[in-house]
2 protein chains.
Amino acid sequence: MGSLDMNYNESSYPCRDFKPLDPEELRKQAHQMVDFIADYYKNIESYPVLSQVQPGYLRTRFPQTAPYRPESLETIFSDVAKDIIPGMTHWLSPNFFAFFPATVSTAGFLGEMLSTSFNSVGFNWLASPAATELEMVVMDWLANMLKLPKSFMFSGTGGGVIQSTTSESILVTLIAARDRVVSEVGMENMQKIVVNGSDQTHSMFTKSSKLAGINPCNIRSVPTSRETGFSLCPLMLRRVVKADVAGGLIPLYLCTNVGTTSTTAVDPLEQLANVANDYGMWVHVDAAYGGSACICPEFRQYLNGVERVDSFSLSPHKWLLSYLDCCCLWVKQPGLLVKALSTNPEYLKNKPSESDSVVDYKDWQVGTGRKFQSLRLWLVLRSYGIANLQNHIRSDVRMAKMFEGFVKSDPRFEIVTPRRFALVCFRLNPSTLSSNSEIIESLNRNLLDWINSTGQACLSHTKVSGLYMLRFAVGATLTEECHVVAAWKLITNGAEELLKTIV
Amino acid sequence: MGSLDMNYNESSYPCRDFKPLDPEELRKQAHQMVDFIADYYKNIESYPVLSQVQPGYLRTRFPQTAPYRPESLETIFSDVAKDIIPGMTHWLSPNFFAFFPATVSTAGFLGEMLSTSFNSVGFNWLASPAATELEMVVMDWLANMLKLPKSFMFSGTGGGVIQSTTSESILVTLIAARDRVVSEVGMENMQKIVVNGSDQTHSMFTKSSKLAGINPCNIRSVPTSRETGFSLCPLMLRRVVKADVAGGLIPLYLCTNVGTTSTTAVDPLEQLANVANDYGMWVHVDAAYGGSACICPEFRQYLNGVERVDSFSLSPHKWLLSYLDCCCLWVKQPGLLVKALSTNPEYLKNKPSESDSVVDYKDWQVGTGRKFQSLRLWLVLRSYGIANLQNHIRSDVRMAKMFEGFVKSDPRFEIVTPRRFALVCFRLNPSTLSSNSEIIESLNRNLLDWINSTGQACLSHTKVSGLYMLRFAVGATLTEECHVVAAWKLITNGAEELLKTIV
């Protein structure tokens, strides 16, 4: 790489003929990139899953300034191989079982290429009619697959939008709910607003609530327990809300979960909605991970009661092969979103918007600009069809069941919380060991470090109600049974080594 | 496309061997997609620039449900050509002069392909060390190119982050500023907080302020005038802030502009920062469009005073060839962002984060998940070098100057506001016509409709201080002089036709 040289004059470097987008050059170089990427996927198992680099590794390898003159694609490819790939945690490795998977597919990749290539900025309908209308079509398709009620569909009285993340979905619905209440009680009472979730609700709920100006003292995190599978208890919620109302506070919003991040717990939507409806609260369902499974009839029960809620989101990038970012949000009353989020500057005014005959998605989200988001999901749904997507979910669940069987059959281990989807929460807890919870926690922490430091598999952990446990999330797109078997063997090897040092 | 058939059982469709990511299939199909995209770019001038479809055009063409069984890539390509492309407004057409350009390049395309392919979720350092560290490197590179002070760089005391949009940059800095003040004055005084911008500040500033819970009555929009080129007057600002303070309010945040959306006006940063500093306000510079030009020394003066502000953002997707989304935000005190936005759930805890030796970008943004954002910009900077990027800016400015010359040489037209970058604001205002402003506005509205309906070029409009004007923004990556010449010819043809009907 060259060094920065700002001491030049306009004619010092002969680049008058600089053409950043020559179609034939793009064709040639993009073909090279396709081969680079296909090879990366082919060889992905050869890299340590969890990166083994140290903080600051890259800064010393790269120059402090951008090059003044162009560098060749070959140099760049070589640096990617030498400096970037070793610093990556390979989420797409078939041996990645940490967090939740970030799923991908050939169709998703093609869809993203196409979306990128158009680079249209669909802030309103006119700026890219196809982008808006395809998103409306795809959101209705997915709503149909989930058997959401018509009240969430454009073909009914609601509608859907693709957001970047669940955080954004929570934020915009929270704002819509907030502004509806504030218009009744006045800004001066905003500090009385209370929002509710369980202690299993994703941390971004608290963050989004703070962003929206909710008083941090008024963000309720209702406790759950192992006995109820860490799901939010309607009675407990009612008690909390009642107390707040008695204290002069205004219950605004309830964030429920279909598949919590720690253990994939599922809240009883119907009963919770009953409580919330009694108090006029907005109910959101965060089904970021678990929602995708509900395209299979055997999981659809988890959405019972969804007809009683106000908004619902799930992230196809987690389980529907769509690549990042893709969080689908459906709302019953798009008008409330638009009321809270619309802008109408002169430079964006146009006849279709003024005629009120179109959707302007800028009024459904935080930002103004937006990509042609729906192409990826459209290609996935069409290229694979519902049948294959259901099959994909079931295949992951089958592998998780298999892993669960391995754990159950080994007396040194235990399943900590019941498996619902394709995540298994387990821990090493040999009966030969004292039941001292600190010792067990430390043993499992060491086991996790041992596994991840081999680079042969990557798991993550959580701690719920004081219980430290390992999370084995099946779902990386390339994972097959052999990888699950190998991971279990690795885990038991680690356990043996660690137990040896203790006994 | 097939129809939805939910009446099946698990074995009804033989897709046991469904492999969503077979590297060889990806290779084959992605090569096909590359050719499709290169051909799209090659033929882009054959499509009407502004889409000519009617609202609802797509819904009637597509089935109501996703297909149950897979469809072929050939069918999908054919539908893209038949149903999607005609519904697009082609932002990448060389004849697109509306809004601000959304710029692209071969290197940006390759970078996005690579980023997509990795699909790593870099919420914290450990989840993808390379993603975090490359972003830090690239943000320092770009800061260097802009000659930002060390206080904004990781190599100094600050740092940068890639956000999706300017809205997000404003929102997170506003929240950081808000929480700093609230920690001093208490939540009960939040309703006293005031934020300031000019009447030329982008509409998303008001929106972001509302999102953050700022009382809508306390969002100041300080008037500007044609005399001062629609830039924010420091004296006027001081007067407004003084009055607010006298009224017991708390001035929090000032959003300044380097290149406003309507007319690319530039606010005097240094003098405005003086005022804001006197009142302890956070100063943000929104240089979404104009900032990129400041990599050229002849434009760098517009950033004079930037050393006095708290945060600065620009969007390389607007002028630095990077594709959407890419908004670069630098802050002087990353600690304030982190304090306001950090989350620390058990399932994301890890040793590097706890040792405080790394950057966890989830604490610099709204959401948790994030893509490997910096690859695109890294490829652009390295593939082209600073020299070519400066040349690219200058080439656009040269073409805009040329267009400005055309307008000036035609007595029927006038330049409405001085051109600073590559946007020309002009209107038809023949001396033969009455100076009735309504008639002139209606004439120019008709001219805009006439131009856009031809499909041969696309312009947009704005209205500032009651003056309706057309915006001719040069900068679409494929635009060359011949396209500017042709657009001017089209505009004069339209003017002639319209004037004929009047006279």
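Naming follows an unreviewed UniProt entry, where chain A appears as Tryptophan decarboxylase of Rhamnella rubrinervis. Word for word, the UniProt comment on chain A under Cofactor (unreviewed entry) is "pyridoxal 5'-phosphate".

A. Region of the structure containing the environment of Thr261(B). As for its position among the elements, Thr261(B) is in the loop between β4 (250-257) and α8 (269-278). In this structure Thr261(B) comes out as buried when scored by relative accessible area, which is 17%. C-alpha separation for the pair Thr261(B) and Gly229(B), spaced 32 residues apart in sequence, amounts to 13 Å. Beyond its immediate chain neighbours, meaning those up to four positions away, Thr261(B) contacts Tyr347(A), Phe100(B), His202(B) and Arg471(B).

B. Inspection of the interface of chain A and chain B at higher detail. Contact residues are listed per partner, giving 167 residues for chain A and 168 residues for chain B. Linking chain A with chain B are 18 salt bridges, by the criterion used here. In this structure, Glu112(B) engages Lys371(A) in a salt bridge whose closest nitrogen and oxygen atoms are separated by 3.6 Å. Residue contributions to the side of chain A that touches chain B peak at 18 residues, all from helix α1 (residues 23-42) of chain A.

C. Expanded view of the sheet that holds strand β10 (residues 460-464) of chain B. Residues and elements named next belong to chain B. Judged by pairing direction, the sheet is antiparallel, and its four strands sit side by side in the order β8-β9-β11-β10 without closing on themselves. The two strands at the open ends of the sheet, each matched to only one other strand, are β8 (413-417) and β10. For this sheet, the mean inter-axis angle between neighbouring strands, taken without regard to orientation, is 45 degrees. Of the pairings in the sheet, the one linking β8 to strand β9 (residues 423-428) comprises four bridges and is antiparallel in character. Among the inter-strand pairings, Glu414 is bridged to a residue of β9, identified as Arg427. On top of the sheet, helix α15 (residues 437-454) reaches β8, β9, β10 and β11 (467-473); it is set at about 30 degrees to β11, its chief contact. Packing against the sheet, helix α16 (residues 481-502) makes contact with β8, β9 and β11, and its axis sits at approximately 115 degrees to β8.

D. Structural context of the confidence of the model for chain A. In this model, chain A carries a mean pLDDT of 95, and residues with pLDDT of at least 70 account for 97%. Residue range residues 1-15 of chain A is modelled with pLDDT below 50. Its contacts to residues more than four positions away, or to other chains, number 40 contacts.

E. Focus on the relation of the copies chain A and chain B. By a simple turn and slide, chain A fits onto chain B: the slide is 0.0 Å along the axis, the RMSD is 0.0 Å, and the turn is 180 degrees. Taken together, these values place the two copies in the relation of a two-fold axis. Same-surface contact between copies: 100% of interface residues of chain A are shared with the interface of chain B.

F. The environment of Leu447(A), seen in detail. Residues and elements named next belong to chain A. Among the structural elements, Leu447 can be located in helix α13 (residues 437-454). In this structure Leu447 comes out as buried when scored by relative accessible area, which is 0%. In this structure the C-alpha to C-alpha distance between Leu447 and Phe118, which are 329 residues apart in sequence, comes to 47 Å. Contacts of Leu447, omitting those with residues within four sequence positions, involve Phe413, Leu428, Leu470, Ile491, Gly494, Ala495 and Leu498.

G. Focus on the side chain of Asp286(B). Residues and elements named next belong to chain B. Its place among the elements puts Asp286 in strand β5 (residues 282-286). The buried charged residue Asp286 lacks any salt bridge partner; its closest oppositely charged side chain belongs to Lys318, at an N-O distance of 7.1 Å. Non-local contacts of Asp286, meaning those with residues more than four positions away in its chain, are made with Thr166, His202, Met204, Cys255, Thr256, Asn257, Val258 and Ser313.

H. A look at the UniProt feature "modified residue: N6-(pyridoxal phosphate)lysine" (unreviewed entry) in chain A. Residue and element names in this part refer to chain A. When the UniProt feature table is mapped onto this chain, "modified residue: N6-(pyridoxal phosphate)lysine" (unreviewed entry) is found at Lys318. For Lys318, the location among the structural elements is in helix α9 (residues 316-319). Discounting chain neighbours no more than four positions away, the residues touching Lys318 are Phe100, Pro101, Thr103, Ala288 and Tyr289.

I. The arrangement of the domain arrangement of chain A in detail. Residue and element names in this part refer to chain A. For chain A, the assigned domains are domain 1 (23-87), domain 2 (120-370) and domain 3 (390-502). Relative placement of domain 1 and domain 3: their C-alpha centres are 33 Å apart. When domain 1 packs against domain 3, the two sides together hide about 520 Å² of surface, and 64% of this comes from carbon and sulfur. It is Val49, Leu50 and Gln52 that lose the most area in domain 1 upon contact with domain 3, and together they represent 65% of the buried surface on that side. Across the domain 1-domain 3 interface, the total number found is three residue pairs in polar contact (both at pLDDT 80 or more). Among the residues forming the side of domain 1 that touches domain 3, the class breakdown is six nonpolar, one polar and one charged.

J. Broad picture of the pattern of salt bridges. Residue and element names in this part refer to chain B. For the coordinates displayed, the defined rule picks out 58 salt bridges over all chains. With a closest N to O distance of 2.6 Å, Glu298 and Arg394 form a salt bridge. Taken as a pair, Glu298 in helix α10 (residues 297-300) and Arg394 in helix α14 (residues 374-409) lie far apart in primary sequence, 96 residues in all. The class for Arg394 is buried, based on a relative accessible area of 11%. Asp363 is the partner of Lys362 in a salt bridge, and the nearest nitrogen-oxygen pair spans 2.8 Å.

K. The packing of aromatic side chains, seen in detail. For the structure shown, the criterion picks out 62 aromatic pairs over all chains. Centroid distance Phe299(B) to Tyr302(B): 6.3 Å. Interplanar angle 35 degrees. Geometry classified as tilted. Here Arg471(A) stacks its cationic end above the ring of Phe100(A), 5.0 Å away from the centre of that ring.

L. Up close: the sheet that holds strand β9 (residues 423-428) of chain A. Residues and elements named next belong to chain A. Pairing within the open sheet is antiparallel, and its four strands lie in the order β8-β9-β11-β10. Each end of this open sheet is capped by a strand with a single partner; those strands are β8 (413-417) and β10 (460-464). Each neighbouring strand pair of the sheet contributes to a mean axis angle of 45 degrees, computed without reference to strand direction. On top of the sheet, helix α12 (residues 374-409) reaches β8, β9 and β11 (467-473); it is set at about 15 degrees to β9, its chief contact. Sitting on the sheet, α13 touches β8, β9, β10 and β11, and the angle it makes with β11 is about 30 degrees.

M. Expanded view of unusual backbone geometry. A cis amide bond, omega -25 degrees, links Leu324(A) with the succeeding residue Asp325(A). Here Asp325(A) is to be found in the loop between α9 and β7 (327-331). Backbone geometry at Lys147(B) places phi at a positive 50 degrees, although glycine is not the residue there. For Lys147(B), the position within the fold is in the loop between α4 (129-145) and β1 (159-163).

N. Representation of helix α3 (residues 106-118) of chain B. Residues and elements named next belong to chain B. Here α3 contains 13 residues, and its C-alpha end-to-end distance of 19 Å stays within 8% of the 18 Å for a straight helix at 1.5 Å per residue. The buried fraction of α3 amounts to 13 of the 13 residues, a majority that puts the element mostly inside the structure. Where α3 terminates, the next one or two residues include Asn119, which has phi positive at roughly 50 degrees.

O. Geometry of the packing of helix α2 (residues 73-84) of chain A against α14(B). Where α2(A) meets α14(B), the closest approach of the two axes is 11 Å, and the angle between their N-to-C directions is 135 degrees. The orientation of α2(A) with respect to α14(B), classified from their angle, is oblique. Crossing hand, α2(A) versus α14(B): right-handed. Of the residues in α14(B), those touching α2(A) at Thr75(A), Ile76(A), Asp79(A), Val80(A) and Ile84(A) are Trp378(B), Leu379(B), Arg382(B) and Ser383(B). Each residue belonging to the contact of α2(A) with α14(B) can be placed in one class, and the counts come to five nonpolar, two polar and two charged.

P. How the structure looks around the pairing of β7(A). Residue and element names in this part refer to chain A. Counting buried residues along β7, five of its five residues qualify, which places the element largely inside the surrounding structure. Where burial is concerned, the two faces of β7 agree: the one with Cys327, Leu329 and Val331 and the one with Cys328 and Trp330 are both buried. Across five bridges, the pairing between strand β1 (residues 159-163) and β7 is antiparallel. Its bridge partner being in β7, Ile162 is matched across the sheet by Cys328. Pairing geometry for strand β6 (residues 311-314) and β7, over four bridges, is antiparallel. Among the inter-strand pairings, Ser313 is bridged to a residue of β7, identified as Leu329.

Q. Focus on the packing of helix α5 (residues 166-185) of chain B against helix α6 (residues 203-211) of chain B. Residues and elements named next belong to chain B. At a minimum axis separation of 9 Å, α5 and α6 run at an interaxial angle of 40 degrees. Between α5 and α6, the angle is such that the two are oblique. The handedness of the crossing between α5 and α6 comes out as right-handed. Packed against α5, whose contacting residues are Thr166, Ser167, Ile170, Leu171 and Leu174, the element α6 presents Met204, Phe205, Ser208, Ser209 and Leu211 at the interface.

Conventions and cut-offs
- Residues numbered from 1 in each chain as written.
- Chains lettered and ligands numbered in written order.
- Predicted model: local features only at pLDDT ≥ 70, side-chain atom pairs only at ≥ 80, totals over all residues.
- Heavy atoms only, no water.
- UniProt positions renumbered as here; feature names shortened; annotations may be inferred.
- Helix = DSSP H or I, 4+ residues; strand = E, 2+ residues; numbered from the N terminus.
- Buried < 20%, exposed > 50% of the residue type's maximum accessible area, 1.4 Å probe, protein only.
- Contact = heavy atoms within 4.5 Å.
- Salt bridge = Lys/Arg side-chain N within 4 Å of Asp/Glu carboxyl O.
- Pairing = 2+ DSSP bridges.
- Axes fitted to C-alpha atoms, helices over the stretch in contact; angles between N-to-C directions.
- pLDDT = per-residue confidence, 0-100.
- Least-squares fit on C-alpha atoms with pLDDT ≥ 70 in both.
- Lys, Arg positive; Asp, Glu negative; His and termini not counted.
- Domains from an automatic or database assignment.
- Buried area = accessible area lost by both parts, 1.4 Å probe.
- Polar contact = N/O pair within 3.5 Å; in protein donor to acceptor, adjacent residues only side chain to side chain.
- Nonpolar A, V, L, I, M, F, W, Y, C, P; charged D, E, K, R; others polar.
- Phe/Tyr/Trp six-rings, centres within 6.5 Å; stacked < 30°, edge-to-face > 60°.
- Lys NZ or Arg CZ within 6 Å of the ring centre and 35° of its normal.
- Expected span 1.5 Å × (residues − 1).
- Parallel < 35°, antiparallel > 145°, perpendicular 65-115°, else oblique.
- Left-handed = near helix turned anticlockwise from the far one by under 90°.

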